[in-house]
Number of protein chains: 2
Amino acid sequence: MAKKRILSISKNQLGRLPNYVHHLQALRAVGIEKVTAPQVARDLNLNVELVKKDFALVAKRQGTPRSGRDISELITDMYDFLEYSQHDKAILIGVGSLGKALLHYRGFDDYGFNIVAAFDVDSALIGSKVDGIPIYNLDDLEKVQSEHRSQIAIITVPAKEAQKVATRLISANIAAIWNFAPAHLKVPSRIIVQDENMASSLAIISHRLKEKQRAKK
Amino acid sequence: MAKKRILSISKNQLGRLPNYVHHLQALRAVGIEKVTAPQVARDLNLNVELVKKDFALVAKRQGTPRSGRDISELITDMYDFLEYSQHDKAILIGVGSLGKALLHYRGFDDYGFNIVAAFDVDSALIGSKVDGIPIYNLDDLEKVQSEHRSQIAIITVPAKEAQKVATRLISANIAAIWNFAPAHLKVPSRIIVQDENMASSLAIISHRLKEKQRAKK
DNA sequence: TAGATTGTTAATCGATTAACAATC
DNA sequence: TAGATTGTTAATCGATTAACAATC
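Residues numbered from 1 in each chain as written. Chains lettered and ligands numbered in written order. Predicted model: local features only at pLDDT ≥ 70, side-chain atom pairs only at ≥ 80, totals over all residues. Heavy atoms only, no water.

Chemist: Whenever I open this one, the relation of the copies chain B and chain A confuses me. Can you help?
Modeler: Look at the two chain copies: a rotation about an axis and a shift along it is all it takes to match them. Note on the copies: chain B fits chain A at an RMSD of 0.0 Å, the axial shift is 0.0 Å, and the rotation between them is 180 degrees. Here the symmetry operator amounts to a two-fold rotation axis. Residue alanine 101 of chain B of chain B places its C-alpha closer to the rotation axis than any other residue of that unit, at 3.1 Å. Most of the interface of chain B is mirrored in chain A, where 100% of its interface residues are also at the interface. (Least-squares fit on C-alpha atoms with pLDDT ≥ 70 in both. Contact = heavy atoms within 4.5 Å.)

Chemist: It is not clear to me how the sheet that holds strand β8 (residues 176-179) of chain B should be interpreted in this structure. Could you clarify?
Modeler: Hydrogen bonds along the backbone pair up the strands of a sheet, which may run parallel or antiparallel. Residues and elements named next belong to chain B. The strand order across the open sheet formed by 7 strands is β5-β6-β4-β3-β7-β8-β9, and the pairing between neighbours is mixed. Of all strands in the sheet, those bounded by a partner on one side alone are β5 (129-130) and β9 (192-195). Pairing between strand β4 (residues 113-120) and strand β6 (residues 133-137): 3 bridges, direction parallel. Bridge pairing in β6 links phenylalanine 119 to tyrosine 136. Its contacts with the sheet place helix α7 (residues 159-171) against β3 (88-93), β7 (152-155) and β8, and it is angled at close to 170 degrees to β7. (Pairing = 2+ DSSP bridges. Helix = DSSP H or I, 4+ residues; strand = E, 2+ residues; numbered from the N terminus. Axes fitted to C-alpha atoms, helices over the stretch in contact; angles between N-to-C directions.)

Chemist: Please explain the sheet that holds strand β6 (residues 133-137) of chain A as it appears in this structure.
Modeler: Residue and element names in this part refer to chain A. Reading across from one edge, β5-β6-β4-β3-β7-β8-β9 is the order of the 7 strands in this open sheet, with mixed pairing throughout. Strands with a single pairing partner mark the edges of an open sheet, and in this sheet they are β5 (129-130) and β9 (192-195). Looking at chain direction, strand β3 (residues 88-93) and strand β7 (residues 152-155) are connected through 4 bridges and run parallel. In the sheet register, isoleucine 91 faces β7, and the bridge partner there is alanine 153.

Chemist: Got a minute to help me understand the domain arrangement of chain A in this structure?
Modeler: Accessible area lost during the coming together of the parts is what is often quoted as the interface size. Looking at chain A, the domain boundaries give domain 1 (11-82) and domain 2 (88-200). Using only C-alpha atoms to locate each centre, domain 1 of chain A and domain 2 of chain A end up separated by 33 Å. (Domains from an automatic or database assignment.)

Chemist: I tried to follow the protein's contact with DNA strand D on my own but got confused; where do I start?
Modeler: Taken together, 23 residues surround DNA strand D, and among them Lys52, Gly63, Arg66 and Arg69 of chain A together with Lys53 of chain B come closest. A distance of 2.8 Å is found between a base oxygen of DNA strand D and a side-chain nitrogen or oxygen belonging to lysine 53 of chain B. Sorting the residues of the surface near DNA strand D by element identifies α2 (37-44) and α3 (48-58) of chain A together with α1 (11-29) and α3 (48-58) of chain B as the ones contributing at least two each. A class-by-class count of the residues in the surface near DNA strand D yields 5 nonpolar, 8 polar and 10 charged. (Near = heavy atom within 4 Å. Polar contact = N/O pair within 3.5 Å; in protein donor to acceptor, adjacent residues only side chain to side chain. Nonpolar A, V, L, I, M, F, W, Y, C, P; charged D, E, K, R; others polar.)

Chemist: Just to check I follow, could you spell out the pattern of salt bridges for this structure?
Modeler: Side-chain pairs of opposite charge can arise whenever the charged atoms involved come near each other. Per the counting criterion, the structure on display carries 16 salt bridges over all chains. Here arginine 214 of chain B and glutamate 83 of chain A are joined by a salt bridge, their closest N and O atoms 2.9 Å apart. Taken together, the positions of arginine 214 of chain B in helix α8 (residues 198-216) and glutamate 83 of chain A in the loop between α4 (71-82) and β3 put the pair across two chains. Across the pair aspartate 88 of chain A and lysine 210 of chain B runs a salt bridge, and its minimum N-O distance is 3.7 Å. Residue aspartate 88 of chain A is found in strand β3, and its partner lysine 210 of chain B is found in helix α8; the two belong to separate chains. We classify lysine 210 of chain B as buried; its relative accessible area is 2%. Ionic contacts of the salt-bridge type, sharing partners, join the residues Lys60, Asp77 and Asp80 of chain A into one network. (Salt bridge = Lys/Arg side-chain N within 4 Å of Asp/Glu carboxyl O. Buried < 20%, exposed > 50% of the residue type's maximum accessible area, 1.4 Å probe, protein only.)

Okay, here's the thing in structure tokens:
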């Protein structure tokens, strides 16, 4: 009787949702109105049961056997589940090439947050703007943050500086860190850390490639 | 009797190796010569048994109870395992802000490959160089690739173009694709695809943050 | 010797996959 | 009605964690 929205979502499931959203939007764009789990499973190379469960978890209503679900409704439910509509502020620390690339990326709005300030130590950058986002002196981190009270910090500084920056961010009341530096951050358990481990991805791709090359000969 | 290097490594294990390498190098840099699994587990917030097994998998020799392993030897073993020394060529398609950031990143050498060419459709970019890497017209992809015979392609084009580019890359004999476009690529099973899913990471971080905010009030 | 760490086997946990009745 | 798809329960699989004897 009681809605069993008690069971929480796993990290894996959560990570699949944006892929679904993207694919469903593509289907809707070509005029398709209904979608079934087997169809999506085929398209995205996933197990059918996996897709069924993911859909069931986020959808507010049950699907109808044989005809599936309404695409628009499913997309809306996914957006609701992901709460992209409730925006959070973010700051970015380290305006190197990767930091700049992220500042240029104008799609964060779609994912529920927007970058309000960036920081660097390079005096050539401080005071300028990238796509409308002001770049402050890293020394002023605490001051600027006390005004904005951002929830999320994006770390794109060199690995060596990452821990120092993280520590400062935490005392400045950041709740979540999106870490692009190839370094392990020591933080209190209440802080949310998401590591973007490019080095790990590279290790995986490189190893699989070597394996393949060995298999060939 | 026979070395049981038969058991292959999992994706998760592989992904942890670069983190170990980085941490071990940091320890060595401050003059430490020996390392134990419990120590590393504490430092990197991992389970001890996990670290023990990871080390055992890549190390050529057994560790010595109580004193651990020689750091330099362990690092060498990890490099050997990851085969970073055997370089592969890579090309990059899509010189937008993210593509540029990756071209600027000079650390790929350390990970076993180097970018030899980039492609775009923007005539303002074509013919120029970024950090010494020439940018070609995307139309010339097949021609340039037939000379270089690169193994890896990095896709940093918009989602809409990703599949088209991937298909062309495959017929041009690319073995592995590192995909930064938020799109699912349909490829033959022999092709290695590594998705860099920033949208997934964002979904995870954003959801956890919302959860936390709900818990607080 | 005592005690910490190693290597390895067993237990647990969680996610994915399979199976199947209910339903349109 | 027949058949595909849904929701859900059970089985499998793989990775992580726990346990413990062997060793320096």
